[in-house]
Amino acid sequence: MAIDQTDIRDLDRTRHVHGQTDMRAHHRNGPAAMVVSGNGVRIRTDDGRELIDGFSGLGCVSLGYHNDRLADAAKAQMDTLPYAPTFYGRSHPKIAVLAERLCKMAAVPFDKVMFQCSGSEANDAMIKFIWARNIARDEPKRRKLISRWRGYYGNTVAAVSLSGQPHMHANFGLPMDDFLKLSTPNYYLASTDGETEEEFSARMAQEFEDCILDAGPDTIAAFFAEPMQSGGGAIRPPQGYWPAMQAVMRKYGIHFHVDETVCGFGRTGEMWGAQKFGLEPDSTTCAKALTAAFFPMSAIMFKDELFKDLMKNSDEAGVLGHGFTYAGHPVGAAVALEALNIYDEMDLLGHVRRVSVPFLEGCEALMEHPLVGDVRGVGLFCGIQLVRDKDARTLWDPSLKVGAMVQDLAHKYGLYLRSIQPDRISFMPPLIINEDEVAEAQGILKTALDEAWVRLKDTA
Ligand SMILES: Cc1ncc(COP(=O)(O)O)c(C=O)c1O
């Protein structure tokens, strides 16, 4: 029996519980959008409208919404071997090849890869492995993890404790103990009057050092960070930030875990965000564009040194006591290998570097707009801060929901974007976007900003 679109919306409203969604609004109004298909950088909704996806799904749809090669790779793998566990030392060919390929292309020499199914699981696994390493080294007190407010590292119990998103903590009795937070390095909003980027960065590094000294250097297990923070709305690190932060890590011997879930695979114009910002990670998470979002898959990469300590753990327990049924899935491995082939063959990095020129110029031109206080981006990854007064750097009254207003207007005119509190627009289109599509998307964003300004200017 055919079910019509209105009924499907109602099924979603009455039966389907959504993550990161205002539950009451969804229960009242049904889905904010019902996406039925996609092609290239565009998605189509059930009302027949087409929108440019300015957020790559959730920062993951690197190759757009249709790709025969990825679909064929998945089908061929499903026809040959649709599932194989990776527990008990069992394996299958594609996952071994993918592990080798990731090690070879890593930002720094990594020796080992373990596959998981999501960014959250990958970060959780890494936390456990760092803790296990410290136990194996007879340093069991080294458990504290440092990350940054507004950072987003996932939703599993440990990864969410790492995340600096209060709405994901309060009603769950989280974060767990031992998770410490530093300030978001948002220079535009958090610098003092007259403070240069370098001075601001030095202040951030001093806060880091104070946090370590306060907690006790021998209790710190690791610092987790994204090269450019997507949580909080695409926050580009200010000048001098990473050199100063890495100097602190070196001084106290702190393990540096770099979360490349969003930055990895070309988003910044380099294969890894670590390369863009000169980072020297001890371990890394990658996910999302690993399979161009055609299959849920993530991986952690680390060095032999950590592997050897995990081996002690395995010697003691008989096995490494961690794993997921679907980790290292053969279909995911086949899709990931094909995605990496496509990235190479299309010269993804060359493409991102070319298109990012008009993309960033167009975003920066929005600085002329009375609503826009700050624009900062790299590659195809940009944060746009909406403000009430640019010079005074004052924000709009949150009850006006200015970011959501711009997001909804952009949606109305054909661009899907994300607004993130406080009134920050995160713009990261699929990496295959071309110059014409960039211009079209930015034209829509400008229209949305103009219309929002007409509504707001008497309040300013
Ligand atoms: C930087 C970062 N790490 C981890 C995650 C969690 O990934 P997942 O939603 O696949 O669990 C996300 C999700 O957006 C992310 O942006």
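Residues numbered from 1 in each chain as written. Predicted model: local features only at pLDDT ≥ 70, side-chain atom pairs only at ≥ 80, totals over all residues. Heavy atoms only, no water.

(A) Structural context of the site of the ligand. Taken together, 13 residues sit near the ligand, with Gly 119, Ser 120, Tyr 152, Asp 259 and Lys 288 positioned nearest. Ser 120 has a polar side-chain atom sitting 2.4 Å from an oxygen atom of the ligand. Asp 259 is positioned such that a nitrogen or oxygen atom in its side chain is 2.7 Å from a nitrogen atom of the ligand. Protein contacts shield 81% of the accessible area of the ligand, which totals 390 Å² for the unbound molecule. A per-element tally of the shell around the ligand places helix α6 (residues 119-136) first, with three residues. (Near = heavy atom within 4 Å. Polar contact = N/O pair within 3.5 Å; in protein donor to acceptor, adjacent residues only side chain to side chain. Areas by Shrake-Rupley, 256 points an atom, 1.4 Å probe, with all protein chains shown as cover. Helix = DSSP H or I, 4+ residues; strand = E, 2+ residues; numbered from the N terminus.)

(B) Structural view of the domain arrangement of the protein. What the domain assignment reports for the protein is domain 1 (33-66 + 347-456) and domain 2 (70-345). At the interface, 37 residues of domain 1 touch 37 residues of domain 2. Together, Arg 376, Phe 381 and Arg 393 form the three largest contributors to the area buried by domain 1 at its contact with domain 2, with a combined 25%. Counting residues per element, the side of domain 1 that touches domain 2 draws most heavily on strand β11 (residues 372-378), which supplies five residues. Here the residues of the side of domain 1 that touches domain 2 sort into 18 nonpolar, 12 polar and seven charged. (Domains from an automatic or database assignment. Contact = heavy atoms within 4.5 Å. Buried area = accessible area lost by both parts, 1.4 Å probe. Nonpolar A, V, L, I, M, F, W, Y, C, P; charged D, E, K, R; others polar.)

(C) The arrangement of the pattern of salt bridges in detail. For the structure on display, the rule yields 24 salt bridges. For the salt bridge of Lys 112 with Asp 304, the shortest nitrogen-to-oxygen distance reads 3.8 Å. Note that Lys 112 is positioned in strand β4 (residues 112-116) and Asp 304 in helix α12 (residues 304-317), a separation of 192 residues in sequence. The exposure class of Lys 112 is partly exposed, given its relative accessible area of 26%. Here Asp 309 ties to Arg 137 by a salt bridge, and the two come within 2.8 Å at their closest N and O atoms. Remark: Arg 137 occurs in the loop between α6 and β5 (144-148) and Asp 309 occurs in helix α12; sequence separation between them is 172 residues. (Salt bridge = Lys/Arg side-chain N within 4 Å of Asp/Glu carboxyl O. Buried < 20%, exposed > 50% of the residue type's maximum accessible area, 1.4 Å probe, protein only.)

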